[in-house]
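# Descriptive analysis of the structure
This is what each chain is made of:
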Amino acid sequence: MSSKDWIEKDYYAALGVDKSASSDEIKKAYRKLARESHPDHNPGDTGAEERFKTVSEAYAVLGDEKKRREYDEMRSLFGSGAFRRGARGAGQPGGMPFDVSDLFGGGAGGGDNRFSGGGFSDLFSSIFSGGGGAGGPARPRGPARGRDVETEVALDFEDAVRGVTLPLTLRAPGVCDTCHGNGAKPGTQPVACPVCHGAGVTTRNQGSFSFSEPCRNCQGVGTIVEEKCPECHGTGGVTKTRTLNVRFPAGVADGQRIRLAGRGEPGERGGPAGDLFVQVKVRPDELFGRTGDDLTLNVPITYAEAVLGTDLRVPTLDGTVTLRVPPGTPSGRVLRARGKGVVRKDGRAGDLLVTLDVVVPAKVSDEARAALETFAAQTPPAAREHLDARVRRFS
């Protein structure tokens with residue numbers, strides 16, 4: 001994307017967020033819009049595909065702190081209204097109408113438009129990217145890294161704990177299989193640009209100044225395709241469906257992002273591919289929960305088991321384990337089965353934490369009631385002296 005795009009396009013509006021939005025708010029808005037407009041969910045809907053491209057382009061800028069800062073600076077510089085058509089020069093009420101599009105060759109008038117095409121755009125790109133100033137050489141548009149791609153995968157609880165390899169199908173831009181990305185018809189090769197002789201930039205002198213800009217003949221690539229590939233029409237890339245076998249490591253957590261280097265969109269002009277980020281969503285289990293590397297389990301026990309103690313057999317993810325419930329166990333006590341949790345990267349495992357819940361029956365038989373009354377008469381009362389003392393103050 002060019003600096004002209006940055007000036008003309010409101011990426012905040014594209015994502016539906018305020019300019020003061022935090023990075024998390026921007027990411028959340030992008031994920032929501034990307035899911036809604038993704039081509040896989042809207043087959044045949046060209047409008048949705050364009051919306052997906054728009055929000056992806058907006059997030060590529062606003063999701064990067066450095067690019068966002070540069071974008072805000074450029075929008076602040078040109079967004080004050082000083083360059084609207086019909087605006088007057090400071091102190092010049094009779095000045096000529098001026099439109100920022102004239103700087104990029106969009107003006108209707110003739111004359112010597114020295115900044116038409118990409119010259120002015122690349123001039124400001126060099127300002128914000130640390131390139132040379134006036135008289136310095138412009139950077140040629142060489143190989144560009146492909147954009148990162150993000151997707152979401154839902155895993156079963158046990159698969160997340162144990163680890164699993166799953167096929168992941170993506171529909172995204174990829175390298176053309178016919179020309180292998182160079183854009184040329186099979187049997188031919190791109191040739192050096194006759195205008196810039198492969199440099200990718202041209203230089204022109206204007207008095208005491210020298211301006212360098214990307215070559216307009218080859219768009220700054222340095223090569224041209226004389227016979228274009230019939231599949232991709234010279235672009236080197238096509239939208240296609242691809243399936244990847246993704247390995248999710250044991251212990252992957254809900255919300256974790258897995259990075260697959262070089263599995264994103266292919267680079268432009270032979271540049272390296274971007275990365276693929278897989279957002280993991282873990283489905284809850286009907287029995288087990290998880291806290292870090294520990295698994296959790298709630299187990300109900302009877303009042304008699306809590307008072308008298310018992311041996312309790314409970315399930316784990318790979319079998320069963322017997323835990324000793326000591327006599328006089330209160331409700332809420334946690335028992336620990338060591339090594340029965342999530343296996344860590346170093347081979348060690350977390351624990352299984354079993355929380356005991358003493359169940360009080362709502363109804364009991366007459367025999368049970370009589371037994372409880374006998375039990376109550378033979379056991380000391382609960383220690384409530386400190387509470388009774390406070391109650392007596394209000395009696």
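Position numbers for residues count from 1 along each chain, tracking the sequence in the order it is written. Where local features are concerned, this predicted model is filtered to residues with pLDDT of at least 70; where side-chain atom pairs are given and counted, the filter is 80 or more; whole-chain, interface and lining totals use all residues. The side-chain figures draw on all heavy atoms in the structure; neither hydrogens nor water molecules are used.

### Brief notes about the packing of helix H3 (residues 23–37) against helix H4 (residues 46–62)
To keep things clear, this is the line we draw: Orientation is described by lines fitted to C-alpha atoms, with helices fitted over the stretch in contact, and by angles between N-to-C directions that extend from 0 to 180 degrees. In this description a helix means any DSSP run of H or I spanning at least four residues, a strand means any run of E spanning at least two, and both kinds are numbered starting from the N terminus. Each angle is binned into one of four classes, with values under 35 degrees roughly parallel, values over 145 roughly antiparallel, values of 65 to 115 roughly perpendicular, and all other values oblique. When the near helix sits turned anticlockwise from the far one by under a right angle, the crossing is termed left-handed; a clockwise turn instead gives a right-handed crossing. Here a residue-residue contact requires only that any non-hydrogen atoms of the pair lie within 4.5 Å. Only Asp, Glu, Lys and Arg are considered charged in this grouping, and only Ala, Val, Leu, Ile, Met, Phe, Trp, Tyr, Cys and Pro are considered nonpolar; every other residue, Gly among them, is considered polar.
Contact geometry for H3 and H4: axes closest at 9 Å, N-to-C directions at 160°. In terms of orientation, H3 lies roughly antiparallel with respect to H4. The two elements H3 and H4 cross, and the hand of that crossing is left-handed. Contact residues: Ile 26, Lys 27, Tyr 30, Leu 33, Ala 34 and Ser 37 in H3; Ala 48, Glu 49, Arg 51, Phe 52, Val 55, Ser 56, Tyr 59 and Leu 62 in H4. Residue classes in the contact of H3 with H4 are distributed as 9 nonpolar, 2 polar and 3 charged.

### Re the pattern of salt bridges
Inclusion rule: Salt-bridge detection follows one rule: a side-chain nitrogen of Lys or Arg within 4 Å of a carboxyl oxygen of Asp or Glu.
Overall, the coordinates contain 18 salt bridges when judged by the stated rule. When the shortest N-O distance is used, the salt bridge between Arg 324 and Asp 311 registers 3.2 Å. With a gap of 13 residues between them, Arg 324 in strand S13 (residues 319–325) and Asp 311 in strand S12 (residues 310–316) connect regions that are remote in the sequence. One connected set of salt bridges, linked through shared partners, spans Arg 145, Asp 148, Arg 259 and Asp 275.

### Overview of the packing of aromatic side chains
Filter applied, for reference: Within 6.5 Å between ring centres, the rings of Phe, Tyr and Trp (the latter by its six-membered ring) count as paired, and their orientation is classed by plane angle as stacked under 30 degrees, edge-to-face over 60, tilted in between.
In this structure the tally under the stated criterion is 4 aromatic pairs. Here Tyr 30 and Tyr 59 contribute two aromatic rings whose centre-to-centre distance is 4.1 Å and whose plane-to-plane angle is 5°, an arrangement assigned as stacked. With a gap of 29 residues between them, Tyr 30 in helix H3 and Tyr 59 in helix H4 connect regions that are remote in the sequence.

### Comments concerning the sheet that holds strand S8 (residues 257–260)
What counts here: A pair of strands is labelled paired if DSSP reports no fewer than 2 bridges between them.
Taking strand neighbours across the sheet as the criterion, the 3 strands line up as S1-S9-S8 in an open arrangement whose pairing is mixed. Since the sheet does not close on itself, it has two edges, and those belong to strand S1 (149–155) and S8, each with one partner. Taking each pair of neighbouring strands and ignoring which way they run, the sheet shows an average axis angle of 25°. Sheet analysis places S8 next to strand S9 (residues 276–282), joined by 4 bridges and oriented antiparallel. Bridged to Ile 258 within S9 is Val 278.

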